[in-house]
Amino acid sequence: MRLAIEQADENLVLKEGGPFGAVVTRNEEIICAAHNMVLANNDPTAHAEITAIRKACAILGTYDLSDCVLYSSCYPCPMCLSAAIWANIKHIYYGNSAKDASRIGFRDDDIYKFIQAGKQGSKLLKIDQIEHERALKTFHNYLADSQRQPY
């Protein structure tokens, strides 16, 4: 956790993104460390956790990090939490809370509220389903291809 916090502190100087850091370990060995790169990369998805997950996958040559642990200087936002789940990470340690992040201007809480409320009744984002039948054909074709491996 100290390394994740050091990454966050380093970004106060580098100013490559928000004050967030993350570390991925496997068997108590550090695989990689990263900090938020949103500003440096002009990429709103380049959060510390996402950057660390991408680095770890590249280093380990896999998308399956089920034997890894993620350390984050702050409770992961919904995107980062989802990325950790998609990467099969089973344990996350965090320092600051989502409320702490909200107090310094980050809107994780707004996104969590949007998710809890569902697609209706939110001014944050409008979501409408269209072309369902056509899109569903792609899923049917995916299932029909027996060579597919789930991920």
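Treat the numbers as computed from the prediction; the structure is a model and nothing was measured.

Visitor: Please clarify how helix 3 (residues 48-60) should be interpreted in this entry.
Guide: Helical geometry: 3.6 residues make up each α-helical turn, so side chains three or four residues apart lie on a common side. Along its 13 residues, helix 3 runs 18 Å from first to last C-alpha, staying within 8% of the 18 Å computed at 1.5 Å per residue. Where helix 3 is concerned, the buried positions are Ala 48, Glu 49, Ile 50, Thr 51, Ala 52, Ile 53, Ala 56 and Cys 57. Where the residues of helix 3 are buried, they touch strand 1 (21-26), strand 2 (29-35), strand 3 (68-74) and helix 4 (78-86).

Visitor: Looking at this structure, how should I read the pairing of strand 3?
Guide: Side chains on a regular strand alternate between the two faces of the sheet. Counted residue by residue, strand 3 has 5 buried out of 7 residues, so it is predominantly covered. Sheet topology places strand 1 next to strand 3; 5 bridges connect them, and they run antiparallel. Opposite Arg 26, over in strand 3, you have Cys 68 as the bridge partner. Where strand 3 and strand 4 (residues 91-96) come together, 5 bridges link them in parallel fashion. Considered in strand 4, the bridge of Val 69 is made with His 91. As a crossover connection, the stretch from strand 3 through helix 4 into strand 4 is right-handed.

Visitor: What exactly am I supposed to notice about the pattern of salt bridges here?
Guide: Working definition: two side chains of opposite charge can pair if their charged atoms are close together. For the structure shown, the criterion picks out 3 salt bridges. Across the pair Arg 54 and Asp 43 runs a salt bridge whose closest N-O atoms are separated by 3.7 Å. Here Arg 54 is found in helix 3, whereas its partner Asp 43 is found in the loop between helix 2 (38-41) and helix 3, with 11 residues between them in sequence. Its relative accessible area of 45% is what places Arg 54 among the partly exposed residues. Arg 103 is the salt-bridge partner of Asp 100, the closest N and O atoms lying 2.7 Å from each other. With Asp 100 and Arg 103 both in helix 5 (residues 98-103) and 3 residues apart, this pair spans about one turn of that helix. Looking at Asp 100, the relative accessible area reads 29%, which means it is partly exposed.

Visitor: Mind showing me how you'd approach the UniProt feature "domain: CMP/dCMP-type deaminase" (unreviewed entry) in the chain here?
Guide: UniProt's entry tags residues 1-109 with the feature "domain: CMP/dCMP-type deaminase" (unreviewed entry), counted in the numbering of this structure. This span, residues 1-109, is 43% helix and 24% strand, and a straight line between its end C-alpha atoms measures 23 Å.

Visitor: Quick question: what am I supposed to make of the sheet that holds strand 2 here?
Guide: Picture the strands of a sheet paired through backbone hydrogen bonds; they go either parallel or antiparallel. Pairing in this open sheet of 4 strands is mixed, and the strands run 2-1-3-4 from one edge to the other. The open sheet has two edge strands with one neighbour each: strand 2 and strand 4. The sheet shows a mean angle of 15° between the axes of neighbouring strands, direction not considered. Lying on the sheet, helix 3 is in contact with strand 1, strand 2 and strand 3; it crosses strand 2 at an angle near 140°.

Conventions and cut-offs
- Residues numbered from 1 in each chain as written.
- Predicted model: local features only at pLDDT ≥ 70, side-chain atom pairs only at ≥ 80, totals over all residues.
- Heavy atoms only, no water.
- Helix = DSSP H or I, 4+ residues; strand = E, 2+ residues; numbered from the N terminus.
- Expected span 1.5 Å × (residues − 1).
- Buried < 20%, exposed > 50% of the residue type's maximum accessible area, 1.4 Å probe, protein only.
- Contact = heavy atoms within 4.5 Å.
- Pairing = 2+ DSSP bridges.
- Right-handed = clockwise from strand over helix to strand, strands pointing away.
- Salt bridge = Lys/Arg side-chain N within 4 Å of Asp/Glu carboxyl O.
- UniProt positions renumbered as here; feature names shortened; annotations may be inferred.
- Axes fitted to C-alpha atoms, helices over the stretch in contact; angles between N-to-C directions.

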